[in-house]
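# Fold and contact review
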Amino acid sequence: MAQHSTHPGGASHVRRRALLGTAVLAVLVALAGLAAYLTRDGRSPSYAPAPPPSSPTASSSPTAPADPHARSHALPVPPKTHDPIKYGKAAAAALWSYDTRAYSQPELRKALRGWLTKESKYADPASVDKVVPSPVLWKKMAANGQFAAAKVNEGHFPHAFTQALQADPGAITEAYVYAVTVSGKQSIAWKGSPAGGAESRSTTLAVQCRPDHPCALVGVMPSVAP
């Protein structure tokens, strides 16, 4: 039996998610086909707390992470660009990175929300919040001084997106929302760890780039589009 949310913001959240889907998927899949767009091979960032420094698993990975003694300090700041792929790559790097030694969970969450478009009818903050560790998990990670660094390998427009634009170039001119798929690696380290783990990451982002305004993030798509 379907259940209805009693949370006062539940309805608005559902509407916002629907608007995001309308703005992006209308371009991505209406002309190319839903099955061609949505795939299930995407992986979200890993936020598992680091094991204690004495644990054998702390050095089990052959891939060395970024310098455990380095501190990023700075929170992620969006670039000023009109190139959706360049912006998407920067956004993915920001979403895959964190440093529990340098700032708090609310500070990171606020910073990432600052990447979102100011057009509330398209912005999907909930999809961005999902990639930030919860306060409880952040506390556990901070106890180990855990942080993650991202290396972006490439970014591109998904095949279904380019097909849709070729079929109807004018479809994008209402919202100017582009789909950008980014791939790379996320390296995790923590205090006392001689080596950490590095895992492949990929994500598809919705990026808004109006001709008269720098790009901004719309949201993180639920699946990765090839």
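Figured I'd write up the structure that's included with this text.

Basis of the calculations
Residues numbered from 1 in each chain as written. Predicted model: local features only at pLDDT ≥ 70, side-chain atom pairs only at ≥ 80, totals over all residues. Heavy atoms only, no water. Phe/Tyr/Trp six-rings, centres within 6.5 Å; stacked < 30°, edge-to-face > 60°. Buried < 20%, exposed > 50% of the residue type's maximum accessible area, 1.4 Å probe, protein only. Helix = DSSP H or I, 4+ residues; strand = E, 2+ residues; numbered from the N terminus. Pairing = 2+ DSSP bridges. Disulfide = S-S within 2.5 Å. 1 Å grid on protein atoms, 1.4 Å probe; cavity = no way out; pocket = protein on both sides within 12 Å on 5 of 7 lines; lining within 4 Å. Points joined across faces, edges and corners; volume = space filled by probe spheres on them. Nonpolar A, V, L, I, M, F, W, Y, C, P; charged D, E, K, R; others polar.

## Quick word on the packing of aromatic side chains
Following the criterion strictly, the structure yields six aromatic pairs and no others. Arranged with centres 5.4 Å apart and planes meeting at 40 degrees, the rings of F157 and F161 form a pair that is tilted. The class of F157 is partly exposed, set by a relative accessible area of 27%. Put simply, the rings of Y98, Y103 and W138 pair up and form one aromatic cluster.

## Quick word on the pairing of strand β3 (residues 177-189)
The element β3 is largely enclosed, with a buried count of eleven among its 13 residues. Pairing geometry for strand β2 (residues 147-156) and β3, over nine bridges, is antiparallel. When the sheet's bridge partners are listed, E154 is paired in β3 with S183.

## A word on the state of the cysteines
In this structure the tally under the stated criterion is one disulfide. Here C209 is linked by a disulfide to C215, with a sulfur-sulfur distance of 1.9 Å. Handedness here is read from the sign of the S-S torsion; for C209 and C215, about 115 degrees, the answer is right-handed. For the pair C209 and C215, a shared accessibility class is recorded, and that class is buried.

## Things to note about the layout of surface pockets
In this structure, the second largest pocket encloses a volume near 280 Å³. Residue lining of the second largest pocket: 18 residues in total, with K118, H213, P214, C215 and A216 positioned closest to the centre. For the lining of the second largest pocket, the class distribution of residues is nine nonpolar, four polar and five charged.

## So, empty space enclosed by the protein
Summary: where empty space remains is shown by rolling a probe the size of a single water molecule over the atoms. Enumeration over the complete set of coordinates arrives at one cavity of 30 Å³ or more. In terms of lining residues, the largest cavity is bounded by A91, A94, L95, L112, W115, V128 and L217.

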